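Structural overview for review
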Amino acid sequence: MFVADEWGEDDATRRTKAPLISTTVPSAARVADYLYGGQTNFESDRRAARALAAAAPVVADIAPAIRAYQRRVLRFLVTEAGIRQFLDVGTGLPLVGSTHEVAQSLVPECRIAYVDNDPMVLAHARALIKPAPGGAVGYVDADVRDSASILTGARSILDLGAPVGVLLLFTLAFVRDDTAARAVVSSLMTAVPPGSYVAIYHLASDIDPEMEEAACQWNKMMPAEPIELRSGSQIATLAEGLDVVPPGLVPVTGWRPDPADPRFGRPIPVHGIVARKP
């Protein structure tokens, strides 16, 4: 099932947003796309990605590490926790191995609501994302900080009376205030029933010291989309009041590792945590 209205905009709104796509200013979604090995990026994005990798060479390893973490988390949520619907906040540009592809490859009836507010992400998602037979995929145009709009849009795609897997994958780095970041998690988890889960990965401030310089470079190049690194103890507070799934808060490569995962010669500066609403 796929409902066009779930993409949330009429033609006039789409035409208004089209000029907002700049090819000369790097965009977080397109820089990430380049680091993931995607093709939906411009020279400004590639220059920014190369500058980040020069500041912290480990940046080149982050994309495959977090993609493997996402696959493992989704496999756990679908096959072990029984989750059949997902709210993916901050989806980014469509790539092989996106949430709907992984979840629906395991159970085709899974339903996914993607959330982003980047106009290029919206355009590509509308053109490229197709659900499996029996499943559903939709898109909510909203900022991570606007939980009310996220939940209003998600209700047209998901049944918020049944357990949901809330995915905040990188997204909370854009919410620089700790209290505001906790409020994002709290408001979304308050809106879903017991038995729901939240999965987070977040750039770390306490694993690789070179990441501080990379974050500074990011914020200089993309001042409209600044990020905040956080320590493990700061990230742990995001899941307060929830039951943390073993092995707890760990670097993403240590969360239920799979022998088939890529191997890295250095620690990956990203923390991961999965927690259940009791």
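Refer to the preceding data block for the structure.
So, here's what we can say about the structure. (Residues numbered from 1 in each chain as written. Predicted model: local features only at pLDDT ≥ 70, side-chain atom pairs only at ≥ 80, totals over all residues. Heavy atoms only, no water.)

With respect to helix H8 (residues 178-190)
Note that an α-helix has 3.6 residues per turn; residues three or four places apart therefore point the same way. Over its 13 residues, H8 extends 18 Å from the first C-alpha to the last, a length consistent with the 18 Å expected when each residue adds 1.5 Å. Within H8, burial applies to Ala181, Val184, Val185, Leu188 and Met189. With its buried residues spanning 115° around the axis, H8 presents them on a single face. Residues of H8 that are buried sit in contact with strand E1 (85-89), helix H7 (147-154), strand E4 (165-169) and strand E5 (197-203). For H8, the N-terminal capping position is held by Asp177, with its side-chain oxygen 3.1 Å away from the main-chain nitrogen of Thr179. (Helix = DSSP H or I, 4+ residues; strand = E, 2+ residues; numbered from the N terminus. Expected span 1.5 Å × (residues − 1). Buried < 20%, exposed > 50% of the residue type's maximum accessible area, 1.4 Å probe, protein only. Arc of directions from axis to C-beta. Contact = heavy atoms within 4.5 Å. Polar contact = N/O pair within 3.5 Å; in protein donor to acceptor, adjacent residues only side chain to side chain.)

Some details on unusual backbone geometry
At the junction of Pro246 and Pro247, the peptide bond is cis and its omega measures out at 10° in the coordinates. Structurally, the position occupied by Pro247 is in the loop between strand E6 (243-244) and strand E7 (250-251). Residue Phe170 is not a glycine yet carries a positive backbone phi of 80°. Mapped onto the secondary structure, Phe170 falls in the loop between E4 and H8.

Topic: the pattern of salt bridges
Here the structure, examined in full by the defined rule, presents 10 salt bridges. Across the pair Asp258 and Arg75 runs a salt bridge whose closest N-O atoms are separated by 3.2 Å. Placement of the pair is Asp258 in the loop between E7 and strand E8 (270-276) and Arg75 in helix H4 (residues 59-80), with a sequence separation of 183 residues. What makes Arg75 partly exposed here is its relative accessible area of 34%. Taken together, the salt bridges that share partners define one network made up of Glu43, Arg46 and Arg50. (Salt bridge = Lys/Arg side-chain N within 4 Å of Asp/Glu carboxyl O.)

Examining the environment of Gly38
As for its placement among the helices and strands, Gly38 is situated in the loop between helix H2 (28-35) and helix H3 (43-55). Here the alpha-carbon distance between Gly38 and Cys110, two residues 72 residues apart in the chain, equals 25 Å.

Considerations on H3
The end-to-end C-alpha distance of H3, which contains 13 residues, comes to 18 Å, matching closely the 18 Å that a straight helix rising 1.5 Å per residue would cover. Next to the buried residues of H3 lie H2, H4 and helix H9 (210-221).

Re the packing of H3 against H9
Remark: H3 packs on H9, axes separated minimally by 8 Å, with the N-to-C direction vectors making an angle of 155°. Classified by the interaxial angle, the pair formed by H3 and H9 is roughly antiparallel. Between H3 and H9 lies a crossing whose hand is right-handed. Contacts from Ala48, Ala51, Leu52 and Ala55 in H3 reach Glu210, Glu213, Ala214, Gln217, Trp218 and Met221 in H9. Taken together, the residues of the contact of H3 with H9 sort by class into seven nonpolar, one polar and two charged. (Axes fitted to C-alpha atoms, helices over the stretch in contact; angles between N-to-C directions. Parallel < 35°, antiparallel > 145°, perpendicular 65-115°, else oblique. Left-handed = near helix turned anticlockwise from the far one by under 90°. Nonpolar A, V, L, I, M, F, W, Y, C, P; charged D, E, K, R; others polar.)

What about the pairing of strand E3 (residues 136-141)?
In terms of burial, E3 is a largely internal element, five of the six residues being buried. As paired strands, strand E2 (residues 111-116) and E3 are joined by six bridges and run parallel to one another. Considered in E3, the bridge of Arg111 is made with Ala136. (Pairing = 2+ DSSP bridges.)

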